[in-house]
Amino acid sequence: MIDTYIFEYVNENEFRKYERSLKKYNMLAYKKLYFSFYPSFKEGKFLGEVVSIDEANGAKNYELKLPTDVMFSKVHGDIKLHYTVYEDKKIVMLDKITPEGILGEGHQSELTTYKGVMISKENQEKDIFKINLLKMLQK
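> How should a nonpolar patch on the surface be read in this particular structure?
A cluster of nonpolar side chains, namely Phe129, Leu133, Met136 and Leu137, defines an oily patch on the protein surface of about 450 Å² accessible area. Relative to the assigned elements, Phe129 resides in helix α5 (residues 124-138).

Shown next as structure tokens:
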């Protein structure tokens, strides 16, 4: 039997909530996460960049940028998976998916879109301004 890594969660309910929101609003990132990144983690191939190393616990913290469209990235920021690997215990600890603001809002209620980009309910005017500015700069 191949020695594979197992997944654990810092807060499984929160993490699953953000995964569902990601599935709803960015299917490309969700599919890449489930069908490419998770299987490679189980095989011991860790993607992304190492953010910190805790040698006392034998842990490495990673950040992995998920694919998204350019406009979403400019308005809300990159979608990133934060996780920790304990190589001696063969554990991948899934921490969070950011940006938490827009993904958390998307889970609570249906988000609207403006010119093809989703906008948050809390920062609606700010998001619309950013989108208009970016569209104007593209012309």
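> I'm lost on the packing of helix α1 (residues 12-25) against helix α2 (residues 27-42) in this one. Help?
Between two packed helices, both the angle of their axes relative to each other and the distance between the axes serve to describe the pair. One way to put it is that α1 packs onto α2 with a least axis distance of 5 Å and a crossing angle of 120 degrees. Relative to α2, the element α1 lies oblique. Seen from α1, the contacting residues are Phe15, Arg16, Glu19, Leu22, Lys23 and Tyr25; seen from α2, they are Met27, Ala29, Tyr30, Leu33, Tyr34 and Tyr38. In the contact of α1 with α2, the residues fall into 9 nonpolar, no polar and 3 charged.

> Explain the packing of aromatic side chains to me, please; I cannot follow it from the model alone.
We describe a pair of aromatic rings using the distance from one ring centre to the other and the angle between the two ring planes. As enumerated under the stated definition, the model contains 10 aromatic pairs in all. Ring plane angle 50 degrees and centroid distance 5.5 Å describe the contact between Tyr9 and Phe15, whose orientation is recorded as tilted. On the numbers, 6.3 Å between centres and 50 degrees between planes, the contact of Tyr38 with Phe41 is tilted. With Tyr38 and Phe41 both in helix α2, this residue pair falls 3 residues apart, about one helical turn. By relative accessible area, which is 0% here, Phe41 ends up buried. Through a chain of ring-to-ring contacts, three or more aromatic side chains come together here, namely Tyr5, Phe7, Tyr30, Tyr34, Tyr38, Phe41, Phe46, Tyr62 and Tyr83. Across the ring face of Tyr18, the terminal group of Lys17 is positioned such that the distance to the ring centre comes to 5.6 Å. Positioned above the aromatic ring of Tyr86 is the side chain of Lys89, whose terminal nitrogen or guanidinium carbon lies 5.6 Å from the ring centre.

> Help me understand the pattern of salt bridges, please; the structure alone is not making it clear to me.
Here the idea is simple: oppositely charged side chains can pair when their charged atoms come close. This structure, assessed with the given rule, holds 7 salt bridges. The shortest N-O distance in the salt bridge between Glu12 and Arg16 comes to 3.6 Å. Remark: Arg16 and Glu12 occur in helix α1; sequence separation between them is 4 residues, near one turn of the helix. The exposure class of Arg16 is partly exposed, given its relative accessible area of 26%. We note a salt bridge from Lys80 to Glu63, for which the minimum N-O separation is 3.3 Å. Of the two residues, Lys80 sits in strand β4 (residues 80-86) while Glu63 sits in strand β3 (residues 59-65), which places them 17 residues apart along the sequence.

Basis of the calculations
Residues numbered from 1 in each chain as written. Predicted model: local features only at pLDDT ≥ 70, side-chain atom pairs only at ≥ 80, totals over all residues. Heavy atoms only, no water. Patch = residues over 30% accessible without salt bridge, like charges linked within 9 Å, V, L, I, M, F, W, Y side chains within 5 Å. Areas by Shrake-Rupley, 256 points an atom, 1.4 Å probe, with all protein chains shown as cover. Salt bridge = Lys/Arg side-chain N within 4 Å of Asp/Glu carboxyl O. Helix = DSSP H or I, 4+ residues; strand = E, 2+ residues; numbered from the N terminus. Axes fitted to C-alpha atoms, helices over the stretch in contact; angles between N-to-C directions. Parallel < 35°, antiparallel > 145°, perpendicular 65-115°, else oblique. Contact = heavy atoms within 4.5 Å. Nonpolar A, V, L, I, M, F, W, Y, C, P; charged D, E, K, R; others polar. Phe/Tyr/Trp six-rings, centres within 6.5 Å; stacked < 30°, edge-to-face > 60°. Buried < 20%, exposed > 50% of the residue type's maximum accessible area, 1.4 Å probe, protein only. Lys NZ or Arg CZ within 6 Å of the ring centre and 35° of its normal.

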